[in-house]
Amino acid sequence: EPKEEPNDGLYRANYPEGIYYTVDDFLKKIPNETTKVDARELIGFDKELLDSIEDNCFCYYQNSDSKVKKVFAISYKGHLYFQTRAILSNRNKDDNAQTNDFPNSFVRVKNGGENYLYLETRLVNKWAQGFAYGGVGGTSGYYLATDMTHTKGIIWDFKNKEFNIFKNCKDYNRFIEKIHPGSIQKCKNQQPDIEAIRKTIEIIK
């Protein structure tokens, strides 16, 4: 008998369990290996096992206890995760200044459909961060640099086979004006309203 999916309200993408090495493998929905993995927390020396489904985690092979590196995606317990490194190396050419402290971490797909898969992770603009470290320096420079890390909305675009990172509000508007002009934001802050983005994804996915 098929196991009943827990009714926790979390989005599940329909991908066979396993590890996908490349974009092509992912698009074909054929995992390269089905070795069992565990999700573990990002922060903390011991990298504790996660019982709950988290949006961001590391994945470790159960049989060797080593970290999963340099893959494209993992389908884990019915949830689809993209590796941060894969997001950054398969991104839209205009998104080239984004960086993340955990390139081997995984980011869970929160929503999706035929056109797009939507996820969120904390990214920073490395040019702005470099300026804060180098230009201001000292403790204030460090806090300024860490403060530049924002939760960014990211979509996987099936048609263009790339990730699009919403770097800031204007960048998000440039993306959405062609698809759903009614969802353009007023940009009161540099970062777009993430709640409004989530509502838009429901429409365009």
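Residues numbered from 1 in each chain as written. Predicted model: local features only at pLDDT ≥ 70, side-chain atom pairs only at ≥ 80, totals over all residues. Heavy atoms only, no water.

### Description of the pairing of strand β10 (residues 162-165)
Thinking step 1. Neither face of β10 is left uncovered, since the one carrying E162 and N164 and the one carrying F163 and I165 both have all their residues buried.
Thinking step 2. Between strand β9 (residues 150-157) and β10, which pair antiparallel one after the other, the connecting turn spans 4 residues, and K161 there sits at a positive phi close to 50°. (Buried < 20%, exposed > 50% of the residue type's maximum accessible area, 1.4 Å probe, protein only. Helix = DSSP H or I, 4+ residues; strand = E, 2+ residues; numbered from the N terminus. Pairing = 2+ DSSP bridges.)

### Description of the pairing of β9
Thinking step 1. Across the 8 residues of β9, 6 count as buried, placing the element largely inside the fold.
Thinking step 2. Bridge analysis of β9 against β10 gives 4 bridges, and the strand direction is antiparallel. Bridge pairing in β10 links D157 to E162.

### A word on the environment of K70
Thinking step 1. Mapped onto the secondary structure, K70 falls in the loop between β3 (56-61) and β4 (73-76).
Thinking step 2. Residue K70 is classed as exposed on the basis of its relative accessible area of 65%.
Thinking step 3. C-alpha separation for the pair K70 and N104, spaced 34 residues apart in sequence, amounts to 7.2 Å.
Thinking step 4. If we skip the residues at most four places from it in the chain, K70 touches Q83, R85 and N104. (Contact = heavy atoms within 4.5 Å.)

### With respect to the state of the cysteines
Thinking step 1. Applying the stated rule across the entire model yields 1 disulfide.
Thinking step 2. The disulfide partner of C169 is C187, and the S-S distance across this bridge is 2.1 Å. On the S-S bond that ties C169 to C187, the torsion sits near -90°, and the link is left-handed. Pair noted here: C169 is in helix α5 (residues 169-179) and C187 is in the loop between α5 and α6 (194-204), with a separation of 18 residues, a long-range link. (Disulfide = S-S within 2.5 Å.)

### Focus on unusual backbone geometry
Thinking step 1. The phi angle at D65 is positive, at roughly 60°, despite the residue not being glycine.
Thinking step 2. Looking at the element boundaries, D65 is found in the loop between β3 and β4.
Thinking step 3. Taking the relative accessible area as the measure of exposure, D65 reaches 45% and is therefore partly exposed.
Thinking step 4. Backbone geometry places C187, a non-glycine residue, at a positive phi of 60°.
Thinking step 5. With a relative accessible area of 26%, C187 lands in the partly exposed category.

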